[in-house]
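Geometric and topological summary
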Amino acid sequence: MAVTPSLDVRGLAYAYPDGHQALFGVDLVVERGERVALLGPNGAGKTTLVLHLNGILAGGAGTVRVGGLEVREHDRDTLREIRRRVGIVFQDPDDQLFMPTVRDDVAFGPANLGLRGPELDARVDAALQAVGMAGVADRPPHHLSFGQRRRVAVATVLAMEPDVLVLDEPTSNLDPASRRELAEVLESIDVTLLVVTHDLPYALELCERSIVLSGGTIVADGPTPDVLADAAMLREHRLELPYGFDPRSVPGRQTGYGGGRSTRTAARR
Amino acid sequence: MHVPDGFLDASTSLATGAVAVTAVGVALRKARDELDERTAPLAGLTAAFVFAVQMLNFPVGVGTSGHLMGGALAAALVGPWTAVLCVSVVLIVQALLFADGGLTALGTNITLMAVVTVAVGWFFTAAVLAVVARRPASVVPASAVGALLSVPAAALAFVVLFAIGGEANLSIGALTVGMLGWHLLIGFGEAVITALTVSAVVAVRPDLVHAARGLRPALRLKDADGALVDAPAGRETVQPRHGTRNLLVGGGIVALCLAGVVTFFANGNPDGLEYVAGEQGFLVTARDHLFDDQALADYGEVGGIPVGVAGVLGVVLTVGLGWLVFRAVSRRSDRSGAGVQSH
Amino acid sequence: MGSGHSHLLFRHGDSLVHRLPAHAKVLALLGFVMVVVATPRERYWAFAGYAVLLAGVAAVAKIPPGFVARRMVVEIPFVAFAVLMPVVSSGGRVDVLGVSLSEDGLLSGWNLLAKGTLGVIASILLAATTDARALLLGLQRLRLPARLVEIAAFMVRYLDVVAGEMQRMRVARESRAFEARHLGHLRVVAQGAGALFVRTYERGERVHLAMLSRGYAGAMPLESGPGGAAPSGLAVVLPAAALVVAWAAAVWL
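Remember, it's a predicted structure, so these values are computed and weren't measured experimentally.

Turning our eyes to something else, we now look at the overall build of chain A. Looking only at helices and strands, one finds 10 helices and 11 strands in chain A. Burial status across chain A gives 46% buried among its 269 residues. A sequence separation of at least 24 residues applies to 68% of the contacts in chain A between residues at least 6 apart.

What follows is the structure, encoded as structure tokens:
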């Protein structure tokens, strides 16, 4: 396949200003349409890796390419395009909802891209529709429930029509019904998906491929059912399946959204 | 030290307005090098901090109140040019939303509290940094010295401006003693607060302290095999160039303050004579009133126009000259620095 | 982080003055203060006229006099200065109630008091009828450099956050029986200041990262804010009236 991968990370290493090194060389390729779960213990470097994908963090070693475009630290024009292509939904929706109304928040992103007037309104309405939040457009975000705010946060990113959607812990603090509603939303959109999560059943449900990041490097990369079945590896990296959950007992996902099949076999490093 | 409306006569207010506009304009250009997309909110936070710091008021002799300035602290955290912008923003918002500082005195207040304190504070911070060990912790004593000296410098500048165009007939000697005395004390308080704040920040987030840039040990990264790899050169390599430039400009502005002091001494004599010639003061006052009705009636100047104009002209000329020199220097160093990694 | 609408001096209302766009009000304030400052100090009745004008604006804006009076506390330092002026000034003396005061000092003191106070009251009226966000939009309209408006916007947001964090830290300190009693405690408070700085920054940093991720590049996209419903031309009434007062005082007195 000569198609450019959505994400191409090579040799990524990074240390924070206070000296703490978080990534020790990460190689990762995600093809168009793939749905990948990023698993790992706390402190593994998952959020650090994610923040490199749209240029928020940079200046370490290695390269990051988004759809062929290289992320460069001070190149404002490239960064703007990359931030259109990669949409990140952060863990805390309150960090992302900072405007007086839901409509203003969803409009913030496309407005920064230059949209105005009816075109902007159409984009906002479509995004809210996609997450099922069209009815709350004129309410202040802090009047919504947590699950609703999560979905609005997803809408704020969807409004930019990204090629890659990255979600950081999307199910934390969600009640089971909201969790399911979010899964339905994510099923229905046509993007490349990268989900950082501790919620292993969710990973099995949504993503056909899983990557385990631990201690700043990738230690496992393969079809989700295979990764989750490797109990010894999971234990070594502080991952545990929920009580009574057997990954082999459910079919799991076989393909990404656009039909791209994962051909990788479980690889241990 | 917020000056209200009507405190200084119009020509001095206008002159300080010109100084303020020039300084802010230059700062806007230079701040682009200090501010990348990540540090703009840091500048806002620094401004909020300066705002909070300035709320600590001390009663000062001669009926005014002094307070912490925050200029040296801001310069240590976000760099001198951004610090000028931060404090200017604080003063603008204070004048508009908090009625603190007259709107027509904004130029004066910016000159005193944004330009003088930042310039003197940063000059001495950089000077100390140039001679002590190159470690992040060095910024603490350096910024403390800068803070200590910046406050009386601002007080002195205040006296100078008052001597040039104050709308009152006061003994400049008494004013100087009062202002300098109290502001030396305030300077100590400012030094302590600056040192403790900067030390707390540099211990946890040295990347948030502009003065500590270039002082961090070189970054080394480990790849998965455990082998050490050097990180690619970051923006630190550009640092030394900025250092000399800042010292030059800082020195230029200190020279400006000195020029103002010379003007003040020239002004002191007539006041001293007036004071000594007690009874004759009445005649002098009467003449001033006659003067008021004729030439510049609407401005009600008291201090004697020729000296005031000279002082103003001196200030403007020095600033203009300094700026021209600065531009020439920066253009030359831009050319020579073309080989260094730029962005 | 809050949206930074209200601030200490803001008073909610729906008067004509509240509805004037912020940039017009700022210009009106500036014009008015310039007229006041340019008035020679001997024209006592002019200053009375200006005070009447300001009272009129306050009435239209439905701002009670107590509200204004309470916020004039900021004046105290230079009121004290103005009062001391006749005592410490040099020049010819006059006797007032048995105390020898400098005539020039009396005039200077009056000058300072009158102009400074009028300036403060006018500023309070502006602040009371303009919320922070509207003001920033107004400053942006007045072509204040974008950088400055950006820093001001962040400053206003952070003031809320800083105040909240300070409160939390104070509660935490006092829950462990700490009371700032003497100068030695300055160290604790100042170290708290450093921690406050970092905490507030990191709290705001996450929001800023989210903004960056959605393409924020320095300029807030101009949103439709509250206010601005009244025509901006109305704001010229105040400085124009002040000019009329100044001219009248010059001609008839």
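On to the nonpolar core, then. In this structure, C86 of chain B together with M155 of chain C are the most contacted members of the largest nonpolar core, which totals 165 residues. Looking at this core element by element, the count peaks at 20 residues for helix α6 (residues 139-165) of chain B. Both domain 1 (16-131 + 230-252) and domain 2 (138-213) of chain C contribute no fewer than three residues apiece to this core. Listed in part, the 83 residues of the second largest apolar core include V64, A153, L194 and C207 of chain A.

In many reports, interface size means the accessible area that the parts give up when they come together. Contacts between the two partners involve 14 residues from chain C and, on the opposite side, 20 residues from chain A. A per-class count over the side of chain C that touches chain A returns 8 nonpolar, 3 polar and 3 charged.

Turning to the sheet that holds strand β4 (residues 61-66) of chain A, a few remarks are in order. Residue and element names in this part refer to chain A. Strand order in the open sheet made by the 4 strands is β2-β1-β4-β5, with antiparallel pairing throughout. Two strands close off the open sheet at either side, each with one partner strand: β2 (21-30) and β5 (69-70). Relative to β2, strand β1 (residues 7-15) runs antiparallel, the two sharing 7 bridges. Bridge pairing in β2 links Y14 to L23.

With the exception of glycine, the majority of residues adopt a negative phi angle, and the majority of peptide bonds are in the trans configuration. All names here are of chain A. Even without being glycine, E161 reaches a positive phi, approximately 50°. One can find E161 in the loop between α6 (146-158) and β7 (164-168). Overall, E161 belongs to the partly exposed group, with 16 C-beta atoms counted inside 10 Å.

Before going further, it helps to spend a moment on the confidence of the model for chain B. Residue and element names in this part refer to chain B. For chain B, per-residue confidence averages 70 on the pLDDT scale, and residues scoring 70 or more make up 57% of the total. The model gives residues 258-312 a pLDDT under 50, and that stretch makes 68 contacts with residues more than four places away or in other chains. Low pLDDT, under 50, characterises residues 332-343; the stretch is placed with 9 contacts to residues that sit more than four places away or in other chains. Confidence metrics for the complex model read pTM 0.69 and ipTM 0.77.

Quick look at the environment of G71 of chain B now. Residue and element names in this part refer to chain B. Within the secondary structure layout, G71 lies in helix α3 (residues 71-78). The spatial distance from the C-alpha of G71 to the C-alpha of A147 is 7.5 Å, given a sequence separation of 76 residues. Other than its neighbours up to four places away in sequence, G71 contacts A83, V87, M113, A114, T117, V118, G121 and S150.

So, on to the packing of helix α4 (residues 102-112) of chain A against helix α5 (residues 117-130) of chain A. Residue and element names in this part refer to chain A. With their axes 9 Å apart at the nearest point, α4 and α5 run at an angle of 120° to one another. Relative to α5, the element α4 is oriented oblique. The handedness of the crossing between α4 and α5 is right-handed. Here α4 contributes R103, V106, A107, P110 and A111 to the contact with α5, which in turn contributes L120, R123, V124, A127 and L128. Residue composition of the contact of α4 with α5, by class: 8 nonpolar, no polar and 2 charged.

Residue and element names in this part refer to chain A. Mapped onto the elements of the fold, A13 is located in strand β1. Assessed through the 22 C-beta atoms surrounding it within 10 Å, A13 is described here as buried. Once the C-alpha coordinates of A13 and F24 are considered, the two residues, 11 residues apart in sequence, prove to be 4.7 Å apart.

Residue and element names in this part refer to chain C. Relative to strand β2 (residues 99-102), strand β1 (residues 93-96) runs antiparallel, the two sharing 4 bridges. In the strand pairing of β2, R93 is matched with S102. Between the end of β1 and the start of β2, which pair antiparallel, lie 2 residues, with L97 showing a positive phi angle near 50°.

Now for the packing of α6 of chain A against helix α7 (residues 176-188) of chain A. All names here are of chain A. Taken N-terminus to C-terminus, the directions of α6 and α7 make an angle of 15°; their axes are 10 Å apart at the nearest point. The orientation of α6 with respect to α7, classified from their angle, is roughly parallel. The element α6 and its partner α7 pack so that their crossing is right-handed. Between α6 and α7, the residues in contact are G147, R150, R151 and V154 and S178, L182 and V185, respectively. Of the residues contributing to the contact of α6 with α7, the split by class is 3 nonpolar, 2 polar and 2 charged.

Here we take up the pairing of strand β6 (residues 86-89) of chain A. Residues and elements named next belong to chain A. The alternating pattern of β6 places V86 and I88 on one face and G87 and V89 on the opposite face, and all of these are buried. Where β6 and β7 come together, 4 bridges link them in parallel fashion. Looking across to β7, one finds that V89 is bridged to L167.

Conventions used here
- Residues numbered from 1 in each chain as written.
- Chains lettered and ligands numbered in written order.
- Predicted model: local features only at pLDDT ≥ 70, side-chain atom pairs only at ≥ 80, totals over all residues.
- Helix = DSSP H or I, 4+ residues; strand = E, 2+ residues; numbered from the N terminus.
- Buried ≥ 20, exposed ≤ 12 C-beta atoms within 10 Å, placed from the backbone.
- Contact = placed C-beta atoms within 7 Å.
- Core = buried A, V, L, I, M, F, W, Y, C linked by C-beta atoms within 7 Å.
- Domains from an automatic or database assignment.
- Nonpolar A, V, L, I, M, F, W, Y, C, P; charged D, E, K, R; others polar.
- Pairing = 2+ DSSP bridges.
- pLDDT = per-residue confidence, 0-100.
- Axes fitted to C-alpha atoms, helices over the stretch in contact; angles between N-to-C directions.
- Parallel < 35°, antiparallel > 145°, perpendicular 65-115°, else oblique.
- Left-handed = near helix turned anticlockwise from the far one by under 90°.

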